[in-house]
Amino acid sequence: MKNIVIFASGSGTNAENIILYFKKNNMAKVVAVFSNNQTAAIIDKANNLKVPTIVFSREQLKSEVFLQKIKGFRPDLIVLAGFLWQFPESIILSYKDKIINIHPSLLPKYGGKGMYGMNVHKAVLENKEAETGITIHYVNEHYDEGKIIFQKSVAVDKCKTPEEIAAKIHELEMDNFPHVIDQLLTSNL
């Protein structure tokens, strides 16, 4: 059985969806959820689903001790699901091509530092884009520049608010993220 470690900063709907997906699938399991936000809703969601949680600071993230803590869970894949901090090079090098992220746009459009969540959806709306979507990509040392694994688009030309765009993106994330993770793990990375 493969091990998945999730990093999340907020509500954790993607993380929860991934945990539930793999609870029904004997091929992999989420062995831990790491969060940089002690009040993040994902902490309670993960605890309710009997997944260990670890809360950490920016300083801890950069430490060798933290890297060893991750290694203790023996992850086959590290999944960033709404995690907003940049990963340190030490973790990226230790898990090359084994760290993935989901981004709420069709990269390279609307990527980079500060481009997350509603910031992305507002930019898409302001630029009158006919479509947007999700991108699942490998994590490297630059925000949203890792090799693209999967993209899915959706029409947003009729959307009047960033919230309407967010709802369409959320649906794409829920439908596709666990399946892409499953495919990656099945292909033995």
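Residues numbered from 1 in each chain as written. Predicted model: local features only at pLDDT ≥ 70, side-chain atom pairs only at ≥ 80, totals over all residues. Heavy atoms only, no water.

J.: I'd like a rundown of the pairing of strand β5 (residues 99–103), residues and numbers included.
T.: Burial analysis of β5 places five of its five residues in the buried class, the great majority of the element. Residues Ile-99, Asn-101 and His-103 point to one face of β5 and Ile-100 and Ile-102 to the other, with burial holding for every one of them. Pairing of strand β4 (residues 77–80) with β5, which is carried by three bridges, proceeds in the parallel orientation. Within β5, the residue paired with Leu-80 across the bridge is Asn-101. Between β4 and its parallel partner β5, the chain crosses via helix α5 (residues 89–94), and the hand of that crossover is right-handed. In this structure, β5 lies alongside strand β6 (residues 131–138), joined through four bridges in antiparallel fashion. Counted as the bridge partner of His-103 is Thr-135 from β6. (Buried < 20%, exposed > 50% of the residue type's maximum accessible area, 1.4 Å probe, protein only. Helix = DSSP H or I, 4+ residues; strand = E, 2+ residues; numbered from the N terminus. Pairing = 2+ DSSP bridges. Right-handed = clockwise from strand over helix to strand, strands pointing away.)

J.: If you had to explain the side chain of Asn-17 to someone new, which residues and values would you point to?
T.: Among the secondary structure elements, Asn-17 is positioned in helix α1 (residues 13–23). A distance of 3.0 Å separates a polar side-chain atom of Asn-17 from the backbone oxygen of Met-174. The residues contacting Asn-17, other than those within four sequence positions of it, are Glu-173, Met-174 and Pro-178. (Polar contact = N/O pair within 3.5 Å; in protein donor to acceptor, adjacent residues only side chain to side chain. Contact = heavy atoms within 4.5 Å.)

J.: Run through the sheet that holds β4, naming residues and quoting values.
T.: Pairing is mixed across the open sheet formed by seven strands, whose spatial order is β3-β2-β1-β4-β5-β6-β7. Two strands close off the open sheet at either side, each with one partner strand: β3 (53–55) and β7 (148–155). Direction aside, the axes of adjacent strands within the sheet are offset by 20 degrees on average. In terms of strand pairing, β6 meets β7 through seven bridges, oriented antiparallel. Each bridged residue has a counterpart across the sheet, and for Ile-134 the counterpart in β7 is Lys-152. (Axes fitted to C-alpha atoms, helices over the stretch in contact; angles between N-to-C directions.)

J.: Describe the packing of helix α6 (residues 117–126) against helix α7 (residues 162–186), and please don't skip the residues or the numbers.
T.: At their nearest, the axes of α6 and α7 sit 9 Å apart, and the two run at 115 degrees to each other. By the angle class used here, α6 and α7 are roughly perpendicular. The handedness of the crossing between α6 and α7 comes out as right-handed. Contact residues: Met-118, His-121, Lys-122, Val-124 and Leu-125 in α6; Pro-162, Glu-163, Ile-165, Ala-166 and Ile-169 in α7. The residue makeup of the contact of α6 with α7, split by class, is seven nonpolar, one polar and two charged. (Parallel < 35°, antiparallel > 145°, perpendicular 65-115°, else oblique. Left-handed = near helix turned anticlockwise from the far one by under 90°. Nonpolar A, V, L, I, M, F, W, Y, C, P; charged D, E, K, R; others polar.)

J.: Account for the pattern of salt bridges, naming residues and giving values.
T.: What the rule picks out here adds up to one salt bridge. Its salt-bridge partner being Glu-129, residue Lys-109 comes within 3.1 Å of it at the nearest N-O pair. Pair noted here: Lys-109 is in the loop between β5 and α6 and Glu-129 is in the loop between α6 and β6, with a separation of 20 residues, a long-range link. Glu-129 gets classed as buried once you look at its relative accessible area, which sits at 18%. (Salt bridge = Lys/Arg side-chain N within 4 Å of Asp/Glu carboxyl O.)

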